[in-house]
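Inside the fold
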Amino acid sequence: MKNLKFTLSLVLIQVFSFGMIACSQANNKEEAIETSIEEINYDGPTELATFAGGCFWCIEAPFEGIQGVVSVVSGYAGGKEKNPTYADVSGGKTSHKEAVQITYNPEVISYSELLDIFWQQFDPTDAGGSFYDRGTQYESAIFYHSNIQKQVAEESKKRLGKSGKFDKPIVTPIVKFSNFYEAEAYHQDYYKKNPEEYHAYRRGSGRDAFIAKYWPTNLENKYKSPSREELKKILEPLQYEVAINNETEIAFNNKYNENKEDGIYVCIVSGAPLFSSKDKYESYSGWPSFTKPIDARLIDKPLDYEYGMVRVEVRSKLGDSHLGHVFFDGPKPTQLRYCMNSAAMRFISKNDMEAEGYTDYLWLVD
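Below is a summary of the structure that appears in this document. (Residues numbered from 1 in each chain as written. Predicted model: local features only at pLDDT ≥ 70, side-chain atom pairs only at ≥ 80, totals over all residues. Heavy atoms only, no water.)

A short note on the nonpolar core
Counting 59 residues, the largest nonpolar core has Phe51, Phe63, Ile102, Tyr111, Leu114 and Ile142 as its most contacted members. Element by element, the count of residues in this core is highest for helix 5 (residues 111-118), at five residues. Grouped together as the second largest cluster of nonpolar side chains are 30 residues, Tyr42, Val242, Ile299 and Leu323 included. (Core = buried A, V, L, I, M, F, W, Y, C linked by side-chain atoms within 4.5 Å. Buried < 20%, exposed > 50% of the residue type's maximum accessible area, 1.4 Å probe, protein only. Helix = DSSP H or I, 4+ residues; strand = E, 2+ residues; numbered from the N terminus.)

Here is the structure:
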């Protein structure tokens, strides 16, 4: 399949021209599903995000394959020395940290979403290194590229600190970006080139055990999609038509557009967590709208060509179901509007989350 290219600024003009039909879905579902992440080229503006969280192999891999992320590069950041080498940095002979630099399209994925993923990859309470890698070269850091990134990072850090997930304070510093040097070629995509060594390192260092202790893992095994035959029996007709047949519910006349209760919205098909009430806002579009998902790794964003436009569809990855679309016309600082169909989701109130097995997400609605 040929590369699919588009300019999102043109999309916004087209969306405006067609009014509030924001949540429609492309007819050709199979093409959308079969389009691989590598084949989608989201032409448009790009920005940089630079993070350090210990071993750069382990920070690079989680961001690979996320739609809206253009590239992820391992390297060295924040030090004074020019053109550092791995031997010098890992040996503590420089003031650089192992880091990754992410190029992303802010009209498809927000900096806030990247931060949400970043926090789940290391121990943000460790000031002396990362797991069994000790020294400043393995310390964590967020290198902001703009005042907006600084603002978002500070708010994200503050929110995590108040979450109660950790007994100790969050010590990851937020510092102004100064430089980044790409690491040697053999370090790039190390998780692909040397999968056995990569996974052995993650296990041996204690990183995997730490992540499993503090964050939800193996969600693909927990939230599975029933067969289409089963779904026809389980779902209401409108739910099936929207989630499976890509239809759109009526604006202003749907279940959650005006819902202001605290809780989370989960996939009607798989039950996977999708959005928090904390990130819901009134968009006046007639459909429930959010500034970001709970985890960008749980959604897919294929392209939708219906109505003579090119738009970014939002699908539940684990449910393989249609949710809505994402647009770059939301509130600051993310400026994204995740325009969702109520019928594609189920709302779980804060009071019911623990009983229904969503205790891990309670901090997101506090």
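Here we look at the sheet that holds strand 12 (residues 273-276)
Within a sheet, neighbouring strands are paired by backbone hydrogen bonds and run either parallel or antiparallel to one another. The three strands lie next to each other as 12-11-20, forming an open sheet whose pairing is antiparallel. The open sheet has two edge strands, strand 12 and strand 20 (345-349), and neither has a second partner. When the angles between neighbouring strand axes are averaged without regard to direction, this sheet yields 30°. For strand 11 (residues 263-267) and strand 12, the ladder comprises three bridges, and the chain directions are antiparallel. Bridge pairing links Ile264 to Ser276 in strand 12. (Pairing = 2+ DSSP bridges. Axes fitted to C-alpha atoms, helices over the stretch in contact; angles between N-to-C directions.)

Overview of the sheet that holds strand 9 (residues 174-176)
Reading across from one edge, 9-8-3-5-4-10 is the order of the six strands in this open sheet, with mixed pairing throughout. If you trace the sheet from one side to the other, it starts and ends with strand 9 and strand 10 (180-182), each paired once. Across this sheet, the average inter-strand angle for adjacent strands is 35°, counted without regard to direction. Pairing geometry for strand 3 (residues 47-53) and strand 8 (residues 140-144), over four bridges, is antiparallel. Bridging from a neighbouring strand, Thr50 pairs with Phe143 of strand 8. Packed onto the sheet, helix 6 (residues 147-161) meets strand 3, strand 5 (97-104), strand 8 and strand 9 and runs at close to 145° relative to strand 8. (Contact = heavy atoms within 4.5 Å.)

Regarding the packing of aromatic side chains
For the coordinates displayed, the defined rule picks out 26 aromatic pairs. Measuring from centroid to centroid gives 5.8 Å for Trp57 and Tyr201, while their planes differ by 70°, and the two rings are edge-to-face. Note that Trp57 is positioned in helix 3 (residues 56-60) and Tyr201 in helix 8 (residues 195-205), a separation of 144 residues in sequence. The exposure classification of Trp57 matches that of Tyr201, with both residues buried. With 4.6 Å between their ring centres and 40° between their planes, Phe210 and Tyr214 make a pair best called tilted. You can see Phe210 and its partner Tyr214 sitting in helix 9 (residues 207-214), four residues apart, about one turn around the helix. For the pair formed by Phe210 and Tyr214, the shared burial category is buried. If you follow Lys165 out to its NZ or CZ, it ends over the ring of Trp215, 4.5 Å from the centre. (Phe/Tyr/Trp six-rings, centres within 6.5 Å; stacked < 30°, edge-to-face > 60°. Lys NZ or Arg CZ within 6 Å of the ring centre and 35° of its normal.)

Some words on the pattern of salt bridges
Evaluated as defined, the whole model comprises 15 salt bridges. Between Arg134 and Asp126 there is a salt bridge, with its nearest N and O atoms 2.9 Å apart. By relative accessible area, which is 16% here, Asp126 ends up buried. The partner of Asp279 in a salt bridge is Arg159, with the nearest N and O atoms 3.8 Å apart. Taken as a pair, Asp279 in the loop between strand 12 and strand 13 (280-281) and Arg159 in helix 6 lie far apart in primary sequence, 120 residues in all. Under the relative-accessibility criterion, Arg159 is labelled partly exposed at 22%. Within this structure, Arg228, Glu313, Arg315 and Asp320 form a network of salt bridges that share partners. (Salt bridge = Lys/Arg side-chain N within 4 Å of Asp/Glu carboxyl O.)

Observations regarding unusual backbone geometry
Note the cis peptide between Lys332 and Pro333, where omega equals 5°. Residue position: Pro333 is located in the loop between strand 18 (321-327) and strand 19 (337-340). The phi angle at Asn218 is positive, at roughly 55°, despite the residue not being glycine. With relative accessibility at 49%, the residue Asn218 sits in the partly exposed group.

Things to note about the pairing of strand 20
For strand 20, the buried fraction is high: four of the five residues fall into the buried class. One ladder, built from five bridges, connects strand 11 with strand 20; its direction is antiparallel. Of the residues in strand 20, the one forming a bridge with Cys267 is Met345.

Here we look at helix 9
Along helix 9, the residues classified as buried are Arg207, Phe210, Ile211 and Tyr214. An end-on view of helix 9 places all buried positions within 95° of arc, on one side of the element. Facing away from the buried side of helix 9 by more than 90 degrees, the exposed set consists of Ala209 and Lys213. Among the structural elements, strand 3, helix 3, strand 6 (129-130) and helix 8 are those in contact with the buried residues of helix 9. (Arc of directions from axis to C-beta.)

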